[in-house]
Amino acid sequence: MIDLLKKATRYRRVKIFQRGVPFVIMVVGVNGVGKTTTIAKLARYHQQRFNRSVILAAGDTFRAAAIDQLQVWGGRIGVPTIAHQPGADPGAVVFDAMQAAHNRGADLLIVDTAGRLHTKYNLMQELTKIRRVMQKTVPEAPQEVLLIIDANTGQNGLRQAEEFAKSVEITDIALTKLDGTSKGGIAFAVTKALGVPISYVGTGETLDDLTEFNAETFVDGLFFEEHEGEIE
Ligand SMILES: Nc1nc2c(ncn2[C@@H]2O[C@H](COP(=O)(O)OP(=O)(O)OP(=O)(O)O)[C@@H](O)[C@H]2O)c(=O)[nH]1
Ligand SMILES: [Mg+2]
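Here is what the cut-offs are and how they apply
Residues numbered from 1 in each chain as written. Chains lettered and ligands numbered in written order. Predicted model: local features only at pLDDT ≥ 70, side-chain atom pairs only at ≥ 80, totals over all residues. Heavy atoms only, no water. Helix = DSSP H or I, 4+ residues; strand = E, 2+ residues; numbered from the N terminus. Rg over C-alpha atoms; globule rule 2.2 N^0.38 Å. Contact = heavy atoms within 4.5 Å. Areas by Shrake-Rupley, 256 points an atom, 1.4 Å probe, with all protein chains shown as cover. Lys, Arg positive; Asp, Glu negative; His and termini not counted. Charge placed at Lys NZ, Arg CZ, Asp CG, Glu CD. Near = heavy atom within 4 Å. Polar contact = N/O pair within 3.5 Å; in protein donor to acceptor, adjacent residues only side chain to side chain. Nonpolar A, V, L, I, M, F, W, Y, C, P; charged D, E, K, R; others polar. Pairing = 2+ DSSP bridges. Axes fitted to C-alpha atoms, helices over the stretch in contact; angles between N-to-C directions. Parallel < 35°, antiparallel > 145°, perpendicular 65-115°, else oblique. Left-handed = near helix turned anticlockwise from the far one by under 90°. Core = buried A, V, L, I, M, F, W, Y, C linked by side-chain atoms within 4.5 Å. Buried < 20%, exposed > 50% of the residue type's maximum accessible area, 1.4 Å probe, protein only. Salt bridge = Lys/Arg side-chain N within 4 Å of Asp/Glu carboxyl O. pLDDT = per-residue confidence, 0-100. Right-handed = clockwise from strand over helix to strand, strands pointing away.

A.B. asks: Please set out the overall build of the protein residue by residue, giving values where relevant.
C.D. replies: Broken down by element type, the protein carries 8 helices and 8 strands. In summary, the protein has a C-alpha radius of gyration of 17 Å against a globular reference of 17 Å for 232 residues, a match within 12%. Referenced to the eigenvectors of the C-alpha coordinate spread, the extents of the protein come out at roughly 55 × 40 × 30 Å. Relative to all contacts within the protein whose residues are 6 or more apart in sequence, the contacts with residues 24 or more apart total 77%. Here the protein has roughly 11200 Å² of accessible surface; of this, 49% comes from carbon and sulfur atoms. Between the mean site of the 26 positive side-chain charges and the mean site of the 27 negative ones, the protein shows a separation of 7 Å.

Structure representation (structure tokens):
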């Protein structure tokens, strides 16, 4: 088990940041898994750890609150958020954001997306379109497609992952809400099914609650919790 996680981590795609070319992270996942929060955490991580300039794109135009939420986070961490009106074409938002990233010489653009799985055909179309729009400005974009999975979703998380993998090539996974009751056992199933590494772990609602995934720490966590349970 641990070997599987380690192996996936080893084969994690090398991230190449080129000067003058924005690195684009497209964040996908179903409603409520923690996409927007993880975007803010990731932006902060890249700012603090690598001193990168970041721009956010409010590609989830489906709900007005989603746009506001991203803008609030952007304000808090001091990064610009490119947004249009609710209901606007996500492709248009992403196009503007790509231009902004390019013109301002941003190192990193992180794109929020809507996660409505019930309209699978639309989801597929939307993600494909967003990708195409990105590639008009940066042919290799999105360099990272980050699937967010809520650690509490169990087997359903696996189904979600497979569904998204049909629409877009997932490169990385972030497992959120590991601070809750779940130990994140779904990590094994998803890594195995998609052959994609878990890169980040979310452990809370604040900006600092994001860590790089470490297979050993993760597996230790699984057993430590079980052991505690036995004593009770
Ligand atoms: N405990 C905990 N809560 C989290 C974590 N990540 C996100 N949340 C919470 O989960 C809820 C949903 O997070 P969002 O970031 O809005 O999720 P989303 O995927 O953008 O949701 P939609 O935009 O509605 O699709 C919020 O209350 C977050 O604070 C985490 O790692 N731990
Ligand atoms: Mg959101």
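A.B. asks: How would you explain the side chain of Thr 38 if you had to name every residue and give the values?
C.D. replies: Turning to its location among the elements, Thr 38 is positioned in helix α2 (residues 35-50). Excluding residues that lie within four positions of it along the chain, Thr 38 makes contacts with Ile 148, Ala 174, Thr 176 and Leu 210.

A.B. asks: Outline the site of ligand 1, listing residues and values.
C.D. replies: Looking at ligand 1, there are 18 residues lining it, with Lys 35, Thr 36, Thr 37, Asp 179 and Glu 205 nearest. At 2.9 Å from an oxygen atom of ligand 1 is found a side-chain nitrogen or oxygen belonging to Arg 63. One of the side-chain N or O atoms of Asp 179 is found 2.7 Å from a nitrogen atom in ligand 1. Bound to the protein, ligand 1 loses 80% of the 650 Å² it would expose on its own. Among the elements that take part in the shell around ligand 1, α2 stands out by supplying 4 residues, more than any other. Class assignment of the residues belonging to the shell around ligand 1 gives a composition of 2 nonpolar, 9 polar and 7 charged.

A.B. asks: Give a detailed account of the sheet that holds strand β6 (residues 172-176), specifying residues and quantitative values.
C.D. replies: Spatially, β3-β2-β4-β1-β5-β6-β7-β8 is the arrangement adopted by the 8 strands of the open sheet, whose pairing is mixed. Taken across any chain shown, the strands that pair with only one partner, and hence form the sheet edges, are β3 (81-82) and β8 (210-212). Relative to strand β4 (residues 108-113), strand β1 (residues 23-28) runs parallel, the two being bridged by 4 bridges. Note that in β4 the partner of Ile 25 across the bridge is Ile 110. Here helix α3 (residues 64-77) sits on the sheet in contact with β2 (54-59), β3 and β4, set at roughly 170° to β2. Against the sheet, helix α7 (residues 186-194) makes contact with β5 (144-150), β6 and β7 (198-202), and its axis sits at roughly 165° relative to β6, the strand it touches most.

A.B. asks: Lay out the packing of α2 against α3 with the relevant residues and their values.
C.D. replies: Between two packed helices, both the angle of their axes relative to each other and the distance between the axes serve to describe the pair. Interhelical geometry of α2 versus α3 gives an angle of 20° and a closest axis separation of 10 Å. Between α2 and α3, the crossing angle belongs to the class labelled roughly parallel. The hand of the α2/α3 crossing is right-handed. Across the interface between the two elements, Thr 36, Thr 37, Ile 39, Ala 40, Ala 43, Arg 44 and Gln 47 of α2 pack against Gln 69, Leu 70, Trp 73 and Ile 77 of α3.

A.B. asks: Break down the nonpolar core for me, citing the residues and quoting the values.
C.D. replies: Residues Leu 109, Ile 110, Met 134, Leu 147, Ile 170, Leu 175 and Phe 218 are the most contacted members of the largest nonpolar core, which totals 73 residues. Among the elements that take part in this core, β1 stands out by supplying 6 residues, more than any other. In this structure, Phe 218 is in contact with Leu 5, Leu 175, Leu 178, Lys 183, Gly 184, Ala 187, Phe 188 and Phe 213, ignoring residues within four places of it in sequence.

A.B. asks: Got a sec to walk through the pattern of salt bridges? Specific residues and values, please.
C.D. replies: Should the charged atoms of two oppositely charged side chains come close, the side chains can pair. For the structure on display, the rule yields 7 salt bridges. A salt bridge links Glu 144 to Lys 15; its shortest N-O distance comes to 3.1 Å. Here Glu 144 is found in strand β5, whereas its partner Lys 15 is found in the loop between α1 (2-10) and β1, with 129 residues between them in sequence. A residue is classified by how much of its surface remains accessible, and Lys 15, at 23% relative accessible area, is partly exposed. Close ionic contact of Asp 172 with Lys 15 constitutes a salt bridge, the shortest N to O distance being 2.6 Å. Within this pair, whereas Asp 172 is found in strand β6, its partner Lys 15 is found in the loop between α1 and β1, the two being separated by 157 residues in sequence.

A.B. asks: Give a description of the confidence of the model for the protein that names residues and reports values.
C.D. replies: As a note on interpretation, predicted positions should not be read in detail where pLDDT is low. Here the protein averages 88 in pLDDT, while 91% of its residues score no lower than 70. Per-residue pLDDT stays below 50 along residues 226-232; that stretch engages in 1 contact with residues further than four places along the chain or on separate chains.

A.B. asks: With reference to specific residues and values, describe the pairing of β7.
C.D. replies: Among the 5 residues that make up β7, 5 are buried, leaving the element largely enclosed by the rest of the structure. Bridge count for β6 against β7 is 3 bridges, and the pairing is parallel. The partner of Ala 174 across the bridge, within β7, is Tyr 200. Once you follow β6 into α7 and on to β7, the crossover reads as right-handed.

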